[in-house]
Amino acid sequence: MSQALTSLTEKAKQAKYFLGSLKKTCETINECAIDFEASLVAKFDEMITIIQRRKEDLLLQVTREKEFKIKMVKNHMNQCSAKLRQTTGLLEFCIEVMKEPDAAAFLLFSSTLNQRVGNIEASWDKEMILHGRVTPEFDLTLDSDSTITALSLLNFKEMKDGHKYRNQVPDSPIVIPEECSVENNSVTIAWQPHPSSWVEGYVLEIDDGKSGEFREVYCGKETICTVDGLHFDSTYNARIKAYNHAGEGDYSETICLQTAEVAWFQLDPRTTHADIIFSNDNMTVTCSSYDDRVVMGNVGFSKGVHYWEITIDRYDNHPDPAFGVARYDTTKEMMLGKDDKSWSMYIDNNRSWFIHKNVHADRAEGGICVGSVIGVLLDLNRRTLTFFVNDQRQGPIAFKDLQGVFFPAISLNRNVQVTVHSGLELPPDLDTY
């Protein structure tokens, strides 16, 4: 009996110690729950922050779309108003001339007036576009179905080392087409992991816009990426693969994205000489110096055909502004075309010249004044640069064999103010240039 009592006493001690450990386990569970709840709250706060940031980004896109539409309408209004003022002034002048009782005086002006009236009438349909260039509606639809579904199915993923997916390569990521987009020569690709995969990161690849080889453009944990600096008017293919410590998975389905055919750009304060003065949402510039200073556009071209115009707003003391293209790192402290990284036409009130590497060529008669319009045609399919003054070609093709990336550029001093009009349709009869 004594032996049995001793054994029971030992078992009772073990039970007491075990109950004590269970009590400590309960306390540990409470502490772990507090820590886990805090981490869970932090995760939800992070998701809420991401949603809030995404909302702000999308609202900013809407604001930019609104500003672009308003800018295009105002530019259209300005062009129509200028043409209407020109036509009205000519009509009023013609009426006064027709009142002239002196037949000899009338005949002196009639031929010239008849020619001016005929020219304006011939160019009316081209210059007076009587239909809107943009629609007031916003062709944007927020497709939140996939996000709402993902949130409604949100659940815990087991984080133990024994997770059944940890030792398997991940399945193909799923591209989200409704969240992919294109702006000018930039594309944005969005995707999500396969629901049965354990993923540590992603690799995004994109081809060369000619259905050529793919190249890696992003590697990391994010599920959205914007790729800048692509060719205009090109179709790009993109694909994504996921990876973890077990290896890389298969590629996703390929998504095709078409960059813009015609580029809309602004003048860029970041790459411009400090003496340049900006206004009109960086579309109008002048200069504070009597020396020539260079201002450049914020978009570079390496492919396709691009046309933009510059209106002369102010022209004092017969300066010679220059218009053309340049490399990103061209000299900003002298006339465009004087170094080996810029190509331009400089023009005064009587004539113009082409200039590159400070070599002047192909003098052409015909200058500019207030209201004149300079047209720049950069044809990278033919690798040429051609200039126009008031819709008439100025001299021969200015430059040939152009290769690389070119930015719209202007040089001017304080005697000149100009306004740039980008994103324009190509001139008619392009094959003749």
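Our structure's up above, just so we're on the same page.
Residues numbered from 1 in each chain as written. Predicted model: local features only at pLDDT ≥ 70, side-chain atom pairs only at ≥ 80, totals over all residues. Heavy atoms only, no water.

What about the environment of L130?
Inference 1: Tracing the sequence through the fold places L130 in the loop between α2 (103-127) and α3 (145-152).
Inference 2: The exposure class of L130 is exposed, given its relative accessible area of 67%. (Helix = DSSP H or I, 4+ residues; strand = E, 2+ residues; numbered from the N terminus. Buried < 20%, exposed > 50% of the residue type's maximum accessible area, 1.4 Å probe, protein only.)

Observations regarding the side chain of N413
Inference 1: Mapped onto the secondary structure, N413 falls in the loop between β21 (407-412) and β22 (416-421).
Inference 2: In terms of polar contacts, N413 uses its side chain to reach the backbone carbonyl oxygen of Y290, at 3.3 Å.
Inference 3: The contact partners of N413, leaving out residues within four places of it in the chain, are T286, C287, S289, Y290, D291, D292 and P319. (Polar contact = N/O pair within 3.5 Å; in protein donor to acceptor, adjacent residues only side chain to side chain. Contact = heavy atoms within 4.5 Å.)

Points about the sheet that holds strand β13 (residues 305-315)
Inference 1: Spatially, seven strands are ordered β10-β11-β22-β13-β18-β19-β20 in an open sheet, and the strand pairing comes out antiparallel. Two strands close off the open sheet at either side, each with one partner strand: β10 (276-279) and β20 (392-393).
Inference 2: In the sheet, strand β19 (residues 384-389) pairs with β20 via two bridges, with the strands oriented antiparallel. Residue V389 lies in a different strand from β20, and its bridge partner there is Q392. (Pairing = 2+ DSSP bridges.)

Brief notes about a nonpolar patch on the surface
Inference 1: A surface patch of nonpolar side chains, about 460 Å² in accessible area, is lined by F44, I48, I51, L151 and L154.
Inference 2: With three residues, the single largest contributor to the nonpolar patch is helix α1 (residues 2-98).
Inference 3: Take I48: it is sitting in helix α1.
Inference 4: On the accessibility criterion, I48 (53% relative accessible area) is exposed. (Patch = residues over 30% accessible without salt bridge, like charges linked within 9 Å, V, L, I, M, F, W, Y side chains within 5 Å. Areas by Shrake-Rupley, 256 points an atom, 1.4 Å probe, with all protein chains shown as cover. Salt bridge = Lys/Arg side-chain N within 4 Å of Asp/Glu carboxyl O.)

Structural notes on the layout of surface pockets
Inference 1: Roughly 180 Å³ of volume is contained in the second largest pocket.
Inference 2: N185, G229, V299, G300 and F407 are, among the 13 residues lining the second largest pocket, the residues nearest its centre. (1 Å grid on protein atoms, 1.4 Å probe; cavity = no way out; pocket = protein on both sides within 12 Å on 5 of 7 lines; lining within 4 Å. Points joined across faces, edges and corners; volume = space filled by probe spheres on them.)

Focus: the environment of V370
Inference 1: Among the secondary structure elements, V370 is positioned in the loop between β17 (359-365) and β18 (373-379).
Inference 2: When the C-alpha atoms of V370 and R314 are compared, they prove to be 5.6 Å apart, with 56 residues separating the residues in sequence.
Inference 3: With residues up to four places along the chain from it excluded, the contact list for V370 reads I312, D313, R314 and Y315.

Things to note about the environment of Y202
Inference 1: Tracing the backbone shows Y202 in strand β4 (residues 201-206).
Inference 2: For Y202, a relative accessible area of 5% translates into the label buried.
Inference 3: Along the backbone, Y202 and R53 are 149 residues apart, and their C-alpha atoms lie at a distance of 22 Å.

Details of the state of the cysteines
Inference 1: Evaluation of the coordinates by the stated rule reveals zero disulfides.
Inference 2: The thiol sulfur of C26 is not disulfide-bonded, and the nearest other cysteine sulfur, from C32, lies at 12 Å.
Inference 3: Residue C26 is classed as partly exposed on the basis of its relative accessible area of 48%. (Disulfide = S-S within 2.5 Å.)

A closer look at the packing of aromatic side chains
Inference 1: All chains considered together, the criterion is met by 13 aromatic pairs.
Inference 2: For the pair W191 and Y202, a centre-to-centre distance of 5.8 Å together with 70° between the ring planes defines the contact as edge-to-face. With W191 in strand β3 (residues 186-192) and Y202 in strand β4, this residue pair connects regions lying eleven residues apart in the sequence.
Inference 3: Looking at W191, the relative accessible area reads 1%, which means it is buried.
Inference 4: With a centroid separation of 6.5 Å and an interplanar angle of 55°, the aromatic rings of W191 and Y218 are classed as tilted. (Phe/Tyr/Trp six-rings, centres within 6.5 Å; stacked < 30°, edge-to-face > 60°.)

Notes on the pattern of salt bridges
Inference 1: Scanning the entire structure with this criterion turns up eleven salt bridges.
Inference 2: For D329, the salt bridge is made with K341, and the minimal N-O distance between the two is 2.8 Å. Of this pair, D329 sits in the loop between β14 (322-326) and β15 (342-347) while K341 sits in the loop between β14 and β15, and the two are twelve residues apart along the sequence.
Inference 3: On the basis of relative accessible area, D329 is assigned to the partly exposed category, the value being 48%.
Inference 4: Each of D275, D291 and R293 takes part in a single network of salt bridges with overlapping partners.

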